[in-house]
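Chain by chain, the residues:
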Amino acid sequence: MTMAPESEARPVPEGYVRLTIDGIEVEAPKGELLIRTAERMGITIPRFCDHPLLDPAGACRQCLVEVEMGGRPMPKPQASCTMTVADGMVVKTQRTSPVADKAQQGVMELLLINHPLDCPICDKGGECPLQNQALKHGRADSRFHDTKRTFAKPVPISSQVLLDRERCVLCQRCTRFSKQIAGDPFIELLERGALQQIGIGEQQPFQSYFSGNTIQICPVGALTSAAYRFRSRPFDLVSTPGQCEHCASGCEIRNDWRRGKVMRRLAADDPEVNEEWICDKGRFAFRYATAADRITRPLVRENGQLREASWTEALQAAAKGLTEARDAGGVGVLPGGRLTVEDAYSYSKFARIALRTNDIDFRARAHSDEELQFLGSTVVGTTPGTGVTYRELESAPAVLCVAFEPEEESPIVFLRLRKAARKGKTKVFHLGQWVSPGVEKTTVITHNGGPVRTGELVPCTPGGEAAALRSLPPEVEESLQQQGAVLVVGERAAEVPGLYSEILRAAQRTGARVAWIPRRAGERGALEAGALPTLLPGGRPVADAAARAELEQAWGAPLPAAVGRDLTGILAAAASGALSGLVVGGVDPNDLPDPALAEQALRSADFVVSLELRPSAVTEHADVVLPIAPSVEKSGSYLNWEGRRREFRTTIEGTGALPDCRVLDTLAVEMDADLFTQTPAAAAAELDRIGPNTGAGLPAPDVPASTAPVPGPEQAVLATWRQLLDNGSMQAEEPSLAGTARSAVAVISPRTAQRIELGHAQRVEVRTARGAIVLPVQLAEMPDDVVWLPSDSGTSQVHRALGVGHGALVDIAATSPMTPAASNGHGTTHLNGGRA
């Protein structure tokens, strides 16, 4: 009897094929690339152009292997990064095939013909795939003896990316990333043949929020960072895992440092969150921690001037002043939205135990009572197991973004939405005012065959989002009714009365799930930590006696029963003298809805304590300034928008800088209260022991949908949101990064421009009783009688200059033609009614 071989007897699973690689039989999913199958087997095939998150290109030919199909070998070696597996295929890599090994050596020899021998000074030296593979898969001798080709170097393709053309091996990783992942096709292959090179269009720099990723994935030293170039060598650096502190995306990063200073940041590999990408803000904006004006010693005000003091003196002065203020009119706490979970918990506990108040609010931005109810009923307590995740965004049949600009407010969410749209699985809709770059890149995907529309903008007037959400176009409504659809809402919804309520009504109507994505990294954690006037840690309502009793037992101290004031209420009370003191944690008044009210509150308060890293507008009014540690000098965790815990450890040890939780714990001891938050680990452990709320949460908001205001003859409705790169204090000391920020322009429709009689080279003036902003104009398809301004870019400081926000009525007029000095796109700002 003839026995069938075991491989023939064993059936191939459905959706798989069986092939042999280097004599080893393996089963692989249909459509998988040969190079991926070999990787899973532990067989490394050299490559340059291949990247698991980019479409195959077959550009470098370094991954050649020998292939047989049906017992017949192919006439020449094949690129394993472009060939998919097939049933019965026999593959021989360089490990078992002299033919494949010779082919790979020949390709390497060709790549090195013009490659310069500048490894000792190249930024990539020591971590260069070309170096490594030349040693392992290259020939010892070269047959090329002519003069190498040279180019002028470096070429700045943007203010932060420099190009050395002679190092380039034309792998096309950078061009594919820009086109496919980021949607910024500003970098391309130019010329033909031996002159082919990477370049950009004339007068068109590489303006991308994600350009730093091209530096990291470049397999040679062709693309380098202007901020890091020649600063260090890879083998001089110590690498520490970290978490990005800039937004709620929750990116995994790697801090490379030496001599107590971070030299560069790289994206770490986290498939569940940021995959292998980070935005340029997360990559380059880290030098604020070593800025020359950083506060390193406590400051105490004496005779109207701040002077340096010891920690003991400063803490005693702060404790004395806060105790007196607490016993007089009370103290409000403004921790801000950039705290770790542990620090936010310390502020929450400090307010309730040391200051005996619920007057605490982390929302250093526009906010509302409706938002408090939404957060307490819908968001708090959600985790990746119960809420929306990145994977669910990517697999959703439809996503509707409401009051949320993903590219500006959460760049990694933007990349996921674009990826989902590009794969043809997801329709991305935006409820907003105009087709911004981020909207365009998630609704129109450009393939080799031309642009494909994968979503659309649902235009509405600012302030009318709730009404627009109630009557969505049929296509959008039907798409949201599909299983797995998601409604994404941003923090800007707090400026539109009834929008949060309408979001919940739309979710109930369509079955779509709701995801809340704030802009700052610490907001999600501060919500769980109870840094709000209506919520205690774990999402326990302040007004719930049973919840208070549960927390009183855990803390061993009585808690105030009255619901506290929100941020605006705290500032108004301090300005009027109803509150005697303020504790401020790194809040910039320009971020607040009414900076003038904030400054009045700081001036009027009897005693102000500021915990901050660098001088700010709060410092000018603070009675005691307590310096705190930046994220790289402490440990802790953030919660990203999913509710996913993102832990990190200290990168730079031994600086003496203290985290907020340690400062507050010591300050509370001086006030005869115990927080037990001496370390981030202690604070995190206590918060975990307390756990989430097991009782009822806050009721869901039910506010009627508001309608957009109707502008008068010389008015428009203001739309505004912050751009990713703007005037933020954490972008200090980064001139290269600032060079890629988008210009501050006013966006209006052609009919609006015609109505205000806007002429050639004229600017637009947007005015309120508070002041005016004058900017160059960009025309776009958007609702008429609407003007969009960036909230805090260049001279466009909307809240400070105008005193209003999204959805407000403003005066609008054309101004005189631009002068040469004003033609740089930055515009001007006038306060107190000044004219342009």
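Use the structure listed above.
Keep in mind that what you see is a predicted model, and the values were worked out from it rather than measured. (Residues numbered from 1 in each chain as written. Predicted model: local features only at pLDDT ≥ 70, side-chain atom pairs only at ≥ 80, totals over all residues. Heavy atoms only, no water.)

Moving on to the pattern of salt bridges. Here the structure, examined in full by the defined rule, presents 74 salt bridges. For lysine 419, the salt bridge goes to glutamate 394, with nearest N and O atoms at 3.3 Å. Of the two residues, lysine 419 sits in helix α13 (residues 411-422) while glutamate 394 sits in helix α11 (residues 390-395), which places them 25 residues apart along the sequence. Between arginine 722 and aspartate 726 there is a salt bridge; the shortest N-O distance is 2.8 Å. As far as the burial class goes, arginine 722 and aspartate 726 line up, both buried. Each member of the salt-bridge network shares a partner with another, and the members are Asp361, Arg363, Arg365, Glu371, Glu491, Arg519 and Glu523. (Salt bridge = Lys/Arg side-chain N within 4 Å of Asp/Glu carboxyl O. Helix = DSSP H or I, 4+ residues; strand = E, 2+ residues; numbered from the N terminus. Buried < 20%, exposed > 50% of the residue type's maximum accessible area, 1.4 Å probe, protein only.)

Right, let's get into the nonpolar core. The biggest cluster of nonpolar side chains holds 96 residues, and the ones touching the most others in it are Leu322, Phe350, Leu400 and Leu469. For this core, the element with the most residues is helix α9 (residues 341-354), which contributes eight residues. In this structure leucine 469 touches Leu400, Val402, Leu431, Leu487, Leu499, Glu502, Ile503, Ala506 and Arg509, once residues within four positions along its chain are discounted. Cys63, Ile215, Ala396 and Phe414 belong to the second largest nonpolar core, which has 87 residues in total. (Core = buried A, V, L, I, M, F, W, Y, C linked by side-chain atoms within 4.5 Å. Contact = heavy atoms within 4.5 Å.)

Here lysine 153 and proline 154 are connected by a cis peptide whose omega angle stands at -10 degrees. Mapping proline 154 onto the fold places it in the loop between α4 (129-137) and β7 (155-156). Non-glycine residue glutamate 275 carries a positive phi angle of around 55 degrees. With respect to the helices and strands, the residue glutamate 275 is situated in the loop between β14 (261-267) and α7 (280-284). Located in the positive-phi region is aspartate 785, a residue other than glycine, with phi close to 60 degrees.

Quick look at the sheet that holds strand β13 (residues 252-258) now. Read from one edge of the open sheet, three strands run β12-β13-β14, paired in antiparallel fashion. Each of the sheet's edge strands pairs with one partner strand only, and the pair in question is β12 (238-243) and β14. The average undirected angle you get between the axes of adjacent strands in this sheet is 30 degrees. (Pairing = 2+ DSSP bridges. Axes fitted to C-alpha atoms, helices over the stretch in contact; angles between N-to-C directions.)

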